[in-house]
Amino acid sequence: MRFLVIVVILFFVFQFGNSAVAQSDSGNAELKVIVTNEKSRKLSNASVTVKSIENGMSENAKTGLSGVHTFLLKAGKYELNVSLEGFISYEESEIVLQK
């Protein structure tokens, strides 16, 4: 199986330990997920799920032709799961978005 390479870009990103933290004055933050293979080729049609750790609500999407999907989310803690047939799935267990 091949590996997925995931790049997560948060609006106003700060790094604290193992947690990615983003801040936004509007109360919302953008979570941009870029899915590539080990050769940096962007992968379309990858399944991306963001789930709130606090309330269990989740959003599902597929990456577009550019291998990218952007979520607009409220402040809170999230889990990220990315999968694509033929690749090993990726999971990030704690992404923290703050107001």
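Residues numbered from 1 in each chain as written. Predicted model: local features only at pLDDT ≥ 70, side-chain atom pairs only at ≥ 80, totals over all residues. Heavy atoms only, no water.

1. Points about unusual backbone geometry
For residues that are not glycine, phi is negative in most cases, and the peptide bond is trans in most cases. Heads up, the condition is: Each helix is a run of H or I in the DSSP string that is no shorter than four residues. Each strand is a run of E no shorter than two, and both are numbered from the N terminus. Only protein chains enter the area calculation, which uses a 1.4 Å probe; residues under 20% of their type maximum are buried, those over 50% are exposed, and those in between are partly exposed.
In this model, Ser-40 sits at a positive phi of 70°, which is unusual for a non-glycine residue. Position of Ser-40 relative to the elements: it lies in the loop between strand 5 (28-36) and strand 6 (47-52). Overall, Ser-40 belongs to the exposed group, its relative accessible area being 57%. Despite not being glycine, Asn-45 shows a phi value in the positive range, around 70°. Within the secondary structure layout, Asn-45 lies in the loop between strand 5 and strand 6. Residue Asn-45 is classed as partly exposed on the basis of its relative accessible area of 46%.

2. Considerations on the nonpolar core
Where we set the bar: Nonpolar cores are built from buried Ala, Val, Leu, Ile, Met, Phe, Trp, Tyr and Cys residues. Side-chain atoms within 4.5 Å join them into one set.
Val-33, Phe-71 and Val-82 are the most contacted members of the largest nonpolar core, which has 19 residues in total. Those elements that provide at least two residues to this core are strand 5, strand 6, strand 8 (68-74), strand 9 (76-83) and strand 11 (90-98). For this core, the element with the highest residue contribution is strand 5, accounting for four residues.

3. Thoughts on the environment of Met-57
Heads up, the rule is: Contacts between residues were defined by any pair of non-hydrogen atoms, one from each residue, lying within 4.5 Å.
Positionally, Met-57 belongs in the loop between strand 6 and strand 7 (58-62). When near neighbours in sequence (up to four residues on either side) are disregarded, Met-57 contacts Val-50, Lys-51 and Ser-52.

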